[in-house]
Every structure is written in C-alpha cells, then in structure tokens.
Amino acid sequence: MAALAKAGHHAIYQSTKERGFKKALKQATDLVLAAGGDGTTAKVACWLVDSGIPLGVLPLGTANNLARALGFVASAEEI
C-alpha cells in the first residue's frame, strides 16, 4: 500500500478473506490489483468478469503460476 501511495496512486485495501470483499469489487474503480497467489487471483477475477474493470496481479503467493503465465514476473515494487 505504501509503494502504491508513493507512486501517486489512491489505493484501497480489501482482503478477500474478510466480509465485504464482493461488495468492494462492485465499486466504481479504474483498476483492481489482486495481491496474492493463484487462488486469490482466481477469486478476484471471477467477480470481475464482464465488469470492464482491468485486473492487475501482484504475485505474492507460493507458486504464482497464473502471474508468471501472464508475464507478471518482476518484483512487487517494479510491478
């Protein structure tokens, strides 16, 4: 969150493990950044289908197979 703010972005954090994450994904926004592994990314992506909201991936999971396949292979700060 600090790195996003430092880069000039207004970011809001919402854990997929907490109540309200589905409601948060229905809010108007320019981009959703899924920070986690394949499971987190898939969980978020399912709720964004047909929303028109772009999804970025910050690979913080164990395997990060999806992130690697999509080319998100740099460090968290670089991404």
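Residues take numbers from 1 onward in each chain, read along the sequence in its written order. With pLDDT at 70 or above as the cut-off, local features in this predicted model cover only qualifying residues; side-chain atom pairs require 80 or more to be listed or tallied, and sums for whole chains, interfaces and linings still use all residues. With hydrogens and water stripped out, all remaining heavy atoms of the structure feed into the side-chain values.

Q: Please give an account of unusual backbone geometry that cites residues and values.
A: The phi dihedral of aspartate 50 is positive, around 65°, even though this residue is not glycine. Phi at asparagine 64 is positive, roughly 55°, even though this residue is not glycine. The topology assignment puts asparagine 64 in the loop between strand E2 (55-59) and helix H4 (65-70). By relative accessible area, which is 12% here, asparagine 64 ends up buried. Counting from the N terminus, the helices are the DSSP runs of H or I reaching at least four residues and the strands are the DSSP runs of E reaching at least two. Using a 1.4 Å probe on the protein chains alone, a residue whose accessible area is under 20% of its type maximum counts as buried, one over 50% counts as exposed, and one in between counts as partly exposed.

Q: Give a description of the nonpolar core that names residues and reports values.
A: Within soluble globular proteins, side chains that are nonpolar generally end up buried alongside one another. Residues belong to a common nonpolar core when they are buried Ala, Val, Leu, Ile, Met, Phe, Trp, Tyr or Cys residues joined through side-chain atoms within 4.5 Å. Ranked by size, the top nonpolar core spans seven residues in total: Phe21, Leu25, Val32, Ala34, Val44, Leu48 and Ile53. Residue assignment for this core shows that the elements contributing at least two residues are helix H2 (21-25), strand E1 (32-36) and helix H3 (38-48). Contacts are assigned to residue pairs that have any heavy atoms within 4.5 Å of one another. Those residues in contact with leucine 25 that sit more than four places away from it in its chain are Val32, Val44, Trp47, Leu48 and Ile53.

Q: Any chance you could break down the side chain of threonine 41 for me, citing the residues and the numbers?
A: With respect to the helices and strands, the residue threonine 41 is situated in helix H3. On the basis of relative accessibility, which here comes to 3%, the residue threonine 41 falls in the buried class. Excluding its chain neighbours within four sequence positions, the residues that come into contact with threonine 41 are Ala34, Gly36, Leu55, Val57 and Leu66.

Q: I'd like a rundown of the pairing of E1, residues and numbers included.
A: Along E1, the buried face is formed by Val32, Ala34 and Gly36; none of Leu33 and Ala35, which line the opposite face, is buried. Two strands are said to pair when DSSP picks up at least two bridges between them. As paired elements, E1 and E2 share five bridges and run parallel to each other. Looking at the pairing, alanine 35 lines up with leucine 58 of E2. Whether a crossover is right-handed depends on one test, that the path from the first strand over the helix to the second runs clockwise when the strands point away from the viewer. In this fold, E1 hands off to H3, which returns the chain to E2; that crossover is right-handed.

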